[in-house]
Amino acid sequence: MVGVIDIGSNSIKILVAAKAADGRVVARKLRTIEARIGTGISAEKPHLTTEGIERGVAAVAELAVEASAFTPDKIIVVATSAVRDAENGAEFCRRVKAVTQLDVRILSGDEEAALIGRGLLCDPGLSKERDFYVFDLGGGSLECLAFRDRKVVQEASLPLGCVRLSEKFVTDTAAPYRPEIGTALAAHVRAIVTAANFSLANPGVAVGTGGTLTAVRAILAARLSKVTEEIPPVLTTRQLREMLDQIGSLPLSERLKVPGLPPGRADVFPAALATLIALADLGAFEAYRHSFYNLRWGLAAEALE
């Protein structure tokens, strides 16, 4: 059994997993804490704030205690875009080590993308898919992968995370989201993806992971008095546009009251939706197939091999 703690820009997550008799990686515990350590990530020289570091260290310590209750063989702690890009990322890692006695592995963008790809292959819902794209939208970065015959043939880690883009384009997160913001954000997404030479020319299913699509399903579930997993995983671009129109038109004070929307995501949720819509338009995707399997699952699979 292994515990994996993933320190993202917006959230810090845990997976405690074991290998079943048939070789599948199965979860024993899953939990997310919206810690938002990546505030200021869009700055020319990103720097983790004192408050962000404190929130992050406290979240890692709390999740490490919960993982220890399962007596795993090891607890793996990784950090992605916010810590990777920050001038004081090493300081954050030292603080985590001092409090938890756990080392933090800072993943490169390529490592992050590859491990997300490995995690997606653990999803039984994708077992019949051979050719597909994967888009993992985090707070600091967007990981893009293309699978052909279930093998990664193309990958890119792009600075298009929802916290980063919200800071760049949304001057007042407390106000309703304006259409002209979406226009500028979409142009930026197109430019970055094009410059990275990540080709969307080949046909394939678009698989989406990350907190934004999880929140979309949770909101849809709350409207029907259901749980998230009861909502079909295929989320159309039209549904995303309608949700952006509905929730983006609300001031932050009202967004915070939307059932199913985590309060820690309410400020960046419109920019996150706009990013996924822009990406869908660029690739002519009519829908995303949402998966709960991502980086943590890839790390667990690697450790349990």
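Residues numbered from 1 in each chain as written. Predicted model: local features only at pLDDT ≥ 70, side-chain atom pairs only at ≥ 80, totals over all residues. Heavy atoms only, no water.

S.K.: Can you help me understand the pairing of strand S11 (residues 287–290) in this one?
M.R.: Consecutive residues of a regular strand have side chains that alternate between opposite faces of the sheet. Burial of S11 is one-sided: the residues Tyr288 and His290 facing one way are buried, the residues Ala287 and Arg289 facing the other way are not. Strand direction decides the pairing type here: strand S9 (residues 205–209) and S11, joined by 2 bridges, are parallel. If you follow Gly208 over to S11, its bridge partner there is His290. (Buried < 20%, exposed > 50% of the residue type's maximum accessible area, 1.4 Å probe, protein only. Helix = DSSP H or I, 4+ residues; strand = E, 2+ residues; numbered from the N terminus. Pairing = 2+ DSSP bridges.)

S.K.: Please explain helix H7 (residues 211–223) as it appears in this structure.
M.R.: For H7, built from 13 residues, the straight-helix expectation of 18 Å at 1.5 Å per residue is met to within 8% by its first-to-last C-alpha distance of 18 Å. Across the 13 residues of H7, 10 count as buried, placing the element largely inside the fold. Within the sequence span of H7, burial applies to Gly211, Thr212, Leu213, Ala215, Val216, Arg217, Ala218, Ile219, Leu220 and Ala221. Following H7 by one or two positions, Ser225 adopts a phi angle in the positive range, close to 55°. (Expected span 1.5 Å × (residues − 1).)

S.K.: Can you walk me through the packing of aromatic side chains in this structure?
M.R.: The geometry of two aromatic rings is summed up by the distance between their centres and the angle between their planes. For the structure on display, the rule yields 8 aromatic pairs. Here Phe135 and Phe198 contribute two aromatic rings whose centre-to-centre distance is 6.4 Å and whose plane-to-plane angle is 70°, an arrangement assigned as edge-to-face. Linking Phe135 in strand S6 (residues 132–137) with Phe198 in the loop between helix H6 (179–195) and S9, this pair joins segments that are 63 residues apart in sequence. Here the aromatic rings of Tyr293 and Trp297 are separated by 4.2 Å at their centres, their planes lie at 40°, and the arrangement is tilted. Across the pair, exposure class does not vary: Tyr293 and Trp297 are buried alike. If you follow Arg148 out to its NZ or CZ, it ends over the ring of Tyr133, 5.1 Å from the centre. The ring of Phe169 has Lys168 lying over it, and the distance from NZ or CZ to the ring centre is 5.8 Å. (Phe/Tyr/Trp six-rings, centres within 6.5 Å; stacked < 30°, edge-to-face > 60°. Lys NZ or Arg CZ within 6 Å of the ring centre and 35° of its normal.)

S.K.: Honestly, the nonpolar core in this entry has me stumped. Any pointers?
M.R.: If you look at soluble globular proteins, the nonpolar side chains tend to sit buried side by side. Grouped together as the largest cluster of nonpolar side chains are 79 residues, with contacts concentrated most on Ile7 and Phe135. Of the residues forming this core, the biggest block, 10 residues, is contributed by helix H10 (residues 269–283). Once residues within four sequence positions are removed from consideration, Ile7 is found in contact with Ile12, Ile37, Val60, Val77, Val78, Ala79, Thr80, Val83, Phe92 and Val104. In terms of nonpolar packing, the next biggest core, distinct from the first, is built from 25 residues, Val4, Ala113, Leu120 and Ala300 among them. (Core = buried A, V, L, I, M, F, W, Y, C linked by side-chain atoms within 4.5 Å. Contact = heavy atoms within 4.5 Å.)

S.K.: Is there a simple way to think about the layout of surface pockets in this case?
M.R.: The rolling of a water-molecule-sized probe over the atoms marks out the regions of remaining empty space. Put simply, the largest pocket is a space of about 430 Å³. Lys13, Thr32, Thr214, Phe292 and Arg296 are the residues nearest the centre of the largest pocket, which is lined by 19 residues in total. Of all the secondary-structure elements, those providing two or more residues to the lining of the largest pocket are strand S3 (25–33) and H7. Examining the composition of the lining of the largest pocket, we find that 4 residues originate from one element, H7, more than from any other. Here the lining of the largest pocket is built from residues that sort into 5 nonpolar, 8 polar and 6 charged. (1 Å grid on protein atoms, 1.4 Å probe; cavity = no way out; pocket = protein on both sides within 12 Å on 5 of 7 lines; lining within 4 Å. Points joined across faces, edges and corners; volume = space filled by probe spheres on them. Nonpolar A, V, L, I, M, F, W, Y, C, P; charged D, E, K, R; others polar.)

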